[in-house]
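Summary of the model geometry
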Amino acid sequence: MDNFPPPIISSSDDNDFDDDFILYTLLSAARDVVRERGESSNVDKKHRKWINRDREAAHELLVHDYFVVDNFARNYEFFQLRWDARGKHGFTTIQKCTAVLRQLEYGITADASDEYLKMYERTELYRDIYLRHPTKSDVEQLYAAHQAKHGFPGMLGSIDCTHWEWENYPNMWRGQFTRGDHGVPTVILEAVVSNDLWFWHAFFGMVGSNNDLNVLQASPIFNDILQGKAPEMSYVVNGNEYKYGYYLGDGIYPEYATVVKSYTFSADDKRKMFKLAQESARKDVERAFGVLKQRWHIIKHPARTWDREKLRTVLTACVILHNMIIDEEGRAICSYTTNDILNPPAIIQVGSPAYFSRVLEIQNRTRQFQGQNDDEDDDDDDGVDGDDEEDDDGGDEADDTGDDNDDD
């Protein structure tokens, strides 16, 4: 209590005296306050008090703002409600799931919490539905929707790649993950997207120094066709029958029967119209990249984890959640039913003659050019004028943001 200094004797200098007097006055006032409170200036450290954070009320509040299924709690002990050693109520399933979603949405660093690192195996519960390969019913609906919207019969979606910048990469990998037009290490995502911005294919993990063609050669995108797992859904244009659906791609993609590209140089009005319609429809995948990154900021900003597998975990979870939101909002072109056959077994062995026969069918350059010509004639009949980019999703967030993510 008496640890304050004694009254200060004035010095010969008037200014020093004034300063000392003010200091002494303040110390005296502080001593009076301490005495009134009956406290000592040498207060012993006390144990931390327990604060009732009313977790039950917080849970009820979250129930009104978030939707979550009980599959997590039924299948994984991590998400089950527990009590601590003091018998206090722990965090509920919905609170844990909310923490995961907030980390993904607001871009918290990957190593800030270990909760979401378990997210990938949890989202595996929904991968078969929300990141499924197109079933027979899906292909029928995609054909009809894309022909009605863009005027392209047999179109399954648009294919392209985007880069996710990697900040905390191992230094010895800098060269192979850096490409000149980006200037920083990145990891590549290849995706196929339909007009409703649904991701039908997400292949992630290729090093950033590759281009779209290199990624396609390593991608499993055509494996279902080669192994006989894809549904046999042919279509007819101008009297010509085509066995496989196709994707719209930019100029770097090869001239496959399953990829329809635009013309580099449009020599006549018909080709100009086709080029305009193709490039307009192909914006679906660009818009999807923009919406995905705007919705989940954790992949919008540079990745801060050094583990590539964790990067794949995060991105796959974001894609699945993105598709779940589209389905919940009622904007999905295709509706899943329990009658759909998911993950059918392969009927063609890799390396067999039938396998290589399908490889040649996919890489048939003649069929690709024939398909372009048929689509041109079909566009003339449908009156396609390239205005398809002004679609119903124009109000969606970051519709044009995806243009910055293009990897031409």
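Reading the values: the criteria
- Residues numbered from 1 in each chain as written.
- Predicted model: local features only at pLDDT ≥ 70, side-chain atom pairs only at ≥ 80, totals over all residues.
- Heavy atoms only, no water.
- Helix = DSSP H or I, 4+ residues; strand = E, 2+ residues; numbered from the N terminus.
- Buried < 20%, exposed > 50% of the residue type's maximum accessible area, 1.4 Å probe, protein only.
- Contact = heavy atoms within 4.5 Å.
- Areas by Shrake-Rupley, 256 points an atom, 1.4 Å probe, with all protein chains shown as cover.
- Phe/Tyr/Trp six-rings, centres within 6.5 Å; stacked < 30°, edge-to-face > 60°.
- Pairing = 2+ DSSP bridges.

An unreviewed UniProt entry lists the protein under the name DDE Tnp4 domain-containing protein, with Lactuca sativa given as the organism.

The next thing to look at is the overall build of the protein. Counting its regular elements, the protein contains 15 helices and 7 strands. Counting the 408 residues in the protein, one finds 42% classified as buried. Long-range contacts, defined here as pairs at least 24 residues apart, represent 72% of the contacts in the protein between residues at least 6 apart. Here the protein has roughly 22100 Å² of accessible surface; of this, 50% comes from carbon and sulfur atoms.

Counting across every chain of the model gives 15 aromatic pairs. Ring geometry for Trp198 versus Trp200: centroids 5.7 Å apart, planes at 40 degrees, classification tilted. Aromatic side chains Phe222 and Tyr247 sit 6.5 Å apart centroid to centroid with 35 degrees between the ring planes, which places their arrangement in the tilted category. A residue pair is termed long-range when its members are at least 10 positions apart, and Phe222 in the loop between helix 8 (212-218) and helix 9 (223-226) and Tyr247 in strand 6 (residues 246-248) qualify at 25 residues. Owing to a relative accessible area of 10%, Phe222 belongs among the buried residues under this scheme. The exposure class assigned to Tyr247 is buried, which follows from its relative accessible area of 12%. Pairwise contacts between aromatic rings join Tyr143, Tyr235, Tyr242 and Tyr246 into one cluster.

Extensive coverage of strand 2 (residues 186-193) is indicated by the burial of 8 of its 8 residues. Side chains of strand 2 alternate between two faces, with Thr186, Ile188, Glu190 and Val192 and Val187, Leu189, Ala191 and Val193 buried alike. The pairing of strand 1 (residues 155-165) with strand 2 spans 8 bridges and is antiparallel. Counterpart to His163 in the pairing with strand 2 is Ile188. Pairing analysis gives 7 bridges linking strand 2 to strand 3 (residues 199-207), with the strands arranged antiparallel. Across the sheet, residue Glu190 finds its bridge partner in strand 3, namely Phe203. Connecting the antiparallel pair strand 2 and strand 3 is a turn made up of 5 residues, with Leu197 showing a positive phi of about 70 degrees.

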